[in-house]
Amino acid sequence: MRTIPQLLALDGYEKLPLKERWHVIDEIDQQIDHLQRCQQVLRQQGMGYSTLEEEIIQLRTKRVLVWLSFTKASGGVRLAA
């Protein structure tokens, strides 16, 4: 499993086979879940967690970018109005 910095630095995912892109999305989801659990523990202990929040946002952004790479081959993204 890739580390958070490795996932955030991941480039060229558009060139990965579809199966590998889904695997990257799964890894990102696992890391987000882990960070959210850590965030919950810190919150319960009254400690700050702003760094975790930033990493969660960055991972979510990367997840969306990887997910959108599936639609590039099919002619673009269509957003509902």
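Residues numbered from 1 in each chain as written. Predicted model: local features only at pLDDT ≥ 70, side-chain atom pairs only at ≥ 80, totals over all residues. Heavy atoms only, no water.

## Details of the nonpolar core
Right, on to step 1. With 15 residues, the main nonpolar core has Leu7, Val24, Ile28, Ile32, Leu35, Leu59 and Val66 as its most contacted residues.
Right, on to step 2. Among the secondary structure elements, those contributing two or more residues to this core are helix H1 (4-9), helix H2 (18-44) and helix H3 (50-72).
Right, on to step 3. In terms of residue count, the dominant contributor to this core is H2 (six residues).
Right, on to step 4. Dropping the residues within four chain positions of it, valine 24 is found in contact with Arg2, Leu7, Leu10, Leu16 and Val66. (Core = buried A, V, L, I, M, F, W, Y, C linked by side-chain atoms within 4.5 Å. Buried < 20%, exposed > 50% of the residue type's maximum accessible area, 1.4 Å probe, protein only. Helix = DSSP H or I, 4+ residues; strand = E, 2+ residues; numbered from the N terminus. Contact = heavy atoms within 4.5 Å.)

## Quick look at the confidence of the model for the chain
Right, on to step 1. Of the residues in the chain, 88% have a pLDDT of 70 or more, and the chain-wide mean is 87.
Right, on to step 2. Of all helices and strands in the chain, the one with the weakest mean pLDDT is H3 (90), whereas H1 scores best (94). (pLDDT = per-residue confidence, 0-100.)

## Things to note about the pattern of salt bridges
Right, on to step 1. Taken as a whole and judged by the stated rule, the model has three salt bridges.
Right, on to step 2. In this structure, the salt-bridge partner of glutamate 20 is arginine 2, at a minimum N-O distance of 2.9 Å. Of this pair, glutamate 20 sits in helix H2 while arginine 2 is found in the segment before H1, placing the two residues 18 residues apart along the sequence.
Right, on to step 3. Note on arginine 2: relative accessible area 22%, which makes it partly exposed.
Right, on to step 4. Aspartate 29 is the salt-bridge partner of arginine 63, the closest N and O atoms lying 2.6 Å from each other. One end of the pair, arginine 63, is in helix H3; the other, aspartate 29, is in helix H2, with 34 residues separating them in the sequence.
Right, on to step 5. Taking the relative accessible area as the measure of exposure, aspartate 29 reaches 24% and is therefore partly exposed. (Salt bridge = Lys/Arg side-chain N within 4 Å of Asp/Glu carboxyl O.)

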